[in-house]
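Structural description and commentary
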Amino acid sequence: MQSTAKARHIRITPRKVRLVSDLVRGKSINEALTILKFSSRKRTAKTISTLLESAVANAEQQGRIDVDNLFVKTLLVDQGPTLKRYASRAKGQGMRILKKTSHISVVLEER
């Protein structure tokens, strides 16, 4: 049985989110949450741990899943919409600033 959770429009670039998500993919849920707890230097770790806790809560709601046997089956990070902003530069020019967003989706499965 599977349990899923999604977080969309997270204001962190997908490249930075993937650095942390690669640490957790394939691990048991307890091990993954421990890794994220000690990866506190990365801003993404808190977002991913919240998402994993949400997926565990979804699994508990379904009722037929033993939460202790869950592991992270897939953890996908996709790019969301990009916010386009402009900053002034020399000689009256404007420089484009791209503020990227991420979509994160988690699938937990029972071992």
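Right above here is the structure, for reference.
Attention in this report is confined to the structure presented alongside it.

What follows concerns helix α2 (residues 29-37). Within α2, burial applies to Ile29, Ala32 and Leu36. Seen from one end, α2 has its buried residues packed into an arc of 60°, which puts them on one side. Structurally, α2 contributes buried residues whose contacts are with α1 (14-24), α3 (44-62), β2 (70-79) and β5 (102-110).

What follows deals with the sheet that holds strand β1 (residues 2-10). In sheet architecture, strand pairing relies on hydrogen bonds along the backbone and comes in two forms, parallel and antiparallel. Strand order across the open sheet formed by three strands is β1-β5-β2, with antiparallel pairing between neighbours. Sheet topology places β1 and β2 at the edges, where each strand pairs with a single neighbour. Along the sheet, successive strands turn relative to each other by an average axial angle of 15°, direction set aside. Pairing of β2 with β5 involves nine bridges; the strand directions are antiparallel. Opposite Phe71, over in β5, you have Glu109 as the bridge partner. Along the sheet face, α1 touches β2 and β5 and points at about 165° away from the line of β2.

Rules used in this analysis
Within any chain, residue numbers begin from 1 and follow the written order of that chain's sequence. Where local features are concerned, this predicted model is filtered to residues with pLDDT of at least 70; where side-chain atom pairs are given and counted, the filter is 80 or more; whole-chain, interface and lining totals use all residues. To obtain the side-chain values, all non-hydrogen atoms of the structure were included, while hydrogens and water were left out. For the exposure calls, accessible area comes from a 1.4 Å probe over protein chains only, and a residue counts as buried if that area is under 20% of its type's maximum, exposed if over 50%, partly exposed in between. Segments assigned H or I by DSSP are reported as helices when at least four residues long, segments assigned E as strands when at least two residues long, and all are numbered from the N terminus. Starting at the helix axis, one direction is taken to each C-beta atom, and the arc is that of these directions. Here a residue-residue contact requires only that any non-hydrogen atoms of the pair lie within 4.5 Å. Two strands make a pair as long as DSSP finds a minimum of two bridges between them. Where helices are involved, their axes are fitted lines through C-alpha atoms of the stretch in contact, as for all axes, and angles between N-to-C directions lie from 0 to 180°.

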